[in-house]
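# Structural description and commentary
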Amino acid sequence: MISFFSALLLLASQASATEVVCTLPWLGDIAHRIAPDAHITTLARGTDDPHFLSPTPALMARVSAADLYVENGLNLELWSERLLDSAGNPKIRPGQPGYVKATDNMVRLEIPTDLTRAKGDLHPEGNPHVWTDPLNAPVAADNIAAGLSRVDPANAANYTANAKAFRAKINEAMFGADLVGFMGGDLLARLAQSNKLDEFLASKGLTARLGGWAKKGASLKGKPIIFYHQSWAYFINRFGVKVVGFVEDRPGIPPTAAHRDELLGLIKANNVKVIEVTSFYDPKIPNLLGQQTGAKVAVVAGDVGGTPQATDYFAYIDSLLNAFTQ
Amino acid sequence: MPVLLALAGLGASLAHAADPPAPAPSTTSAAPPTTPPPADANARIAELEARLAAIEAAQAAEREAAFMREAEALAAPPGPPPPQAAARASFNAMNPGITAFGDLVGQVGVSPDGVMPGSTVYLRSLELELRADVDPFAKADAVIAFEQEAPPLDGGPSEGFGAEPEEAYLDLVALPWRLSARVGKFKVPFGIINRTHPHDLPWTDVPEALDLVGDEGYNDTGGTLAWLLPIGHAAVTFTAGAFGGEPFDPDGERAALTGLGRVEVFANAGNVDVGLGGSVLQDFGTGDPVSGADLTFRWRPNQRNSVVVLAEGVRGQDGSLGGYAALQVQPSRSIYVGFREDVLQDEDTFDLKHSLFLTYYTSEFLRVRIGGGYAPAAQQVDALAQLTFVWGSHPVEPWWVNR
């Protein structure tokens with residue numbers, strides 16, 4: 001009898017939990033950290049190419065039940081519009097309290113000045129793959145916390161506190177506990193965002209106190225890497241990787257034979273040791289280039305869950321750094 | 001400056017305090033007796049030490065503040081970044097998104113008499129699609145089609161181009177209770193292929209069973225209301241609609257509406273999507289319905305491999321039966337291979353057609369496809385080569401379309 005009532009109570013609590021639908025896995029992971037008691041649904045999997053998810057009725061059904069809808073935006077999830085239009089759920093449409101664009105208040109990179117398909121599949125508002133820079137994750141967390149506070153004001157203080165704790169955790173993971181304790185995580189993050197952190201720490205003799213992802217990624221500065229698709233702009237900007245070229249001819253355009261020859265030349269000329277391929281792309285051409293040049297092919301997660309190692313956002317960044325620093 | 005003055009004063013005091021004490025007057029004892037320093041000297045030392053500590057703390061604080069000021073001067077300012085790439089301050093920003101679809105076809109027919117005279121190249125269609133938000137509650141979409149009828153394979157003149165508003169409708173997108181509605185002229189959601197533009201189909205041609213729904217399908221003016229019912233990982237959609245009935249009464253001889261009913265069950269399990277649908281179009285003028293059932297199956301373990309099965313059966317107003325079953329396999333990111341079996345049966349005939357298709361995408365905007373079919377009854381082979389190109393703003397495609 002007790003277990004029956006327990007089950008009823010559990011069902012009741014689940015029924016009353018805030019329903020949060022996130023388009024991408026990294027957003028779902030952060031939403032879970034901000035609202036651990038909410039019911040979080042993620043539409044895309046880490047192994048999916050986020051550009052090409054199919055807006056199926058099953059996804060529409062999930063969106064129809066949402067109290068809060070969180071999307072990356074910047075024209076990445078073009079399928080999102082169809083879901084929102086067909087879900088019959090007006091409270092989560094753009095402009096409504098239940099809608100969150102996670103990339104609000106982020107500095108966008110690669111905003112095209114010349115918008116033409118001749119340059120491939122461009123994103124008019126800038127490169128949307130923001131989550132490869134860990135310092136963008138707290139901004140998304142703040143946006144999600146604000147959205148949660150709108151739809152569930154009774155728990156607003158918890159959401160704000162959880163977003164603050166997430167920011168602190170990211171800062172510590174990024175710079176190491178020692179330096180964060182000495183200078184404060186927010187100041188370090190802002191120094192990194194202005195690309196002055198290395199210079200400042202060196203001038204003060206503090207470089208040795210840098211820890212975390214920043215220390216691990218220090219070996220990536222100037223390291224020549226070939227990437228598959230133009231989805232790493234934010235990671236490259238944060239860790240100072242030298243981009244030698246892309247396997248795709250232009251974004252979304254498979255490589256021609258001439259382009260493959262060009263890449264072979266670039267790999268040899270720049271002594272490239274790593275060729276990146278995101279787990280949902282065909283590794284055939286990167287493998288071919290690797291075999292012909294001796295460069296290692298790093299199969300990396302495009303998002304949380306994209307590889308077995310990328311179990312959550314922190315493990316995702318760990319997995320990227322492990323792959324690129326090999 | 002006050003700090004420096006204080007330091008100078010403190011330094012002098014410390015130097016004085018550090019001076020050795022004056023020797024005590026000699027007594028009878030050889031060893032001088034130890035005498036405690038005067039009480040006021042101890043107090044003086046304590047006071048000076050406290051002052052030193054305070055000054056050192058102030059200096060440390062000042063150094064720390066200078067350090068932080070220097071860091072702050074280099075750091076990005078707190079708060080949101082300044083706006084980037086503001087929206088174009090132009091009335092053009094409010095204009096509809098425009099997409100153009102070109103569908104260029106080359107056809108070859110071979111009969112027992114040889115290459116058929118209608119083998120030629122022609123622009124099958126050019127469609128202009130205009131999309132925009134009307135207001136927070138509705139979106140409008142119009143498709144203006146310039147189409148050329150396929151030149152008859154057995155010869156004769158082509159009918160040339162015709163232009164018409166193929167679709168012009170309003171989607172009500174802010175309805176509550178999982179409802180959505182469409183009002184206007186559009187491809188009625190009967191089955192799979194009736195609601196799909198030919199260039200979105202995974203084949204070079206359109207199954208002839210579509211003619212059982214209406215001449216080249218049922219496209220009419222009216223409205224639909226759909227209700228989405230979630231059931232776990234499945235969803236059921238109920239759609240009801242009412243239309244003017246023009247395709248069933250092209251000459252306008254009677255006033256009778258056509259009703260639509262459709263139920264679609266969709267389920268997802270991991271990499272597998274399955275859809276099952278049933279549709280009825282009821283012409284209230286004659287009482288003869290058109291009915292159909294359809295199946296969609298897709299297995300897509302990743303973005304570069306997939307298997308799609310589409311099947312549909314239709315019973316026409318005159319009792320004729322028709323349908324198709326198709327299989328499509330995607331062996332790599334850009335290549336799709338397909339097979340389709342068509343069947344059409346009326347009182348006198350039973351026609352079969354076997355077709356094969358090969359598709360290659362250079363990007364999601366440019367596609368080359370070749371297809372060939374064999375109709376045993378007519379002993380006729382036909383082949384189509386198709387170039388489909390899309391330019392303009394990015395359209396959102398239905399889930400069963402290749403990309």
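Residues numbered from 1 in each chain as written. Chains lettered and ligands numbered in written order. Predicted model: local features only at pLDDT ≥ 70, side-chain atom pairs only at ≥ 80, totals over all residues. Heavy atoms only, no water.

For chain B, the helix and strand inventory stands at three helices and 17 strands. Restricting the contact set of chain B to residue pairs at least 6 apart, pairs at least 24 apart contribute 51%. If you sum the accessible surface of chain B, you get close to 21200 Å²; carbon and sulfur atoms cover 65% of it. (Helix = DSSP H or I, 4+ residues; strand = E, 2+ residues; numbered from the N terminus. Contact = heavy atoms within 4.5 Å. Areas by Shrake-Rupley, 256 points an atom, 1.4 Å probe, with all protein chains shown as cover.)

Quick look at the interface of chain B and chain A now. Put simply, an interface is often sized by how much accessible area is lost when its parts join up. Each side of the interface is counted separately: chain B has 51 residues, and chain A has 55 residues. When chain B packs against chain A, the two sides together hide about 4500 Å² of surface, and 56% of this comes from carbon and sulfur. Interface area lost by chain B to chain A is led by Gln-84, Gln-303 and Arg-333 of chain B, which between them contribute 15%. Inspection of the chain B/chain A interface yields five salt bridges. Close ionic contact of Asp-85 of chain A with Lys-139 of chain B constitutes a salt bridge, the shortest N to O distance being 3.0 Å. Taken together, the elements giving at least two residues each to the side of chain B that touches chain A come down to helix H2 (39–74), strand S6 (179–187), strand S7 (219–231), strand S8 (234–243), strand S9 (258–269), strand S11 (289–302) and strand S15 (350–363) of chain B. The dominant element in the side of chain B that touches chain A, judged by the number of residues it contributes, is H2 of chain B, at six residues. (Buried area = accessible area lost by both parts, 1.4 Å probe. Salt bridge = Lys/Arg side-chain N within 4 Å of Asp/Glu carboxyl O.)

Our focus in this paragraph is the pairing of strand S5 (residues 224–227) of chain A. All names here are of chain A. Going residue by residue along S5, you find Pro-224 and Ile-226 tucked away on one face and Ile-225 and Phe-227 tucked away on the opposite face as well. Of the pairings in the sheet, the one linking S5 to strand S6 (residues 242–246) comprises four bridges and is parallel in character. Along S6, the bridge assignment pairs Ile-226 with Gly-245. For the handedness criterion, the β-α-β arrangement of S5, helix H11 (residues 233–239) and S6 is classed as right-handed. Both S5 and strand S7 (residues 274–278) contribute to a ladder of two bridges, which runs parallel. Its bridge partner lying in S7, Ile-225 is registered against Val-274. (Buried < 20%, exposed > 50% of the residue type's maximum accessible area, 1.4 Å probe, protein only. Pairing = 2+ DSSP bridges. Right-handed = clockwise from strand over helix to strand, strands pointing away.)

Fair warning: the whole summary comes from geometry, so function is off the table for now.
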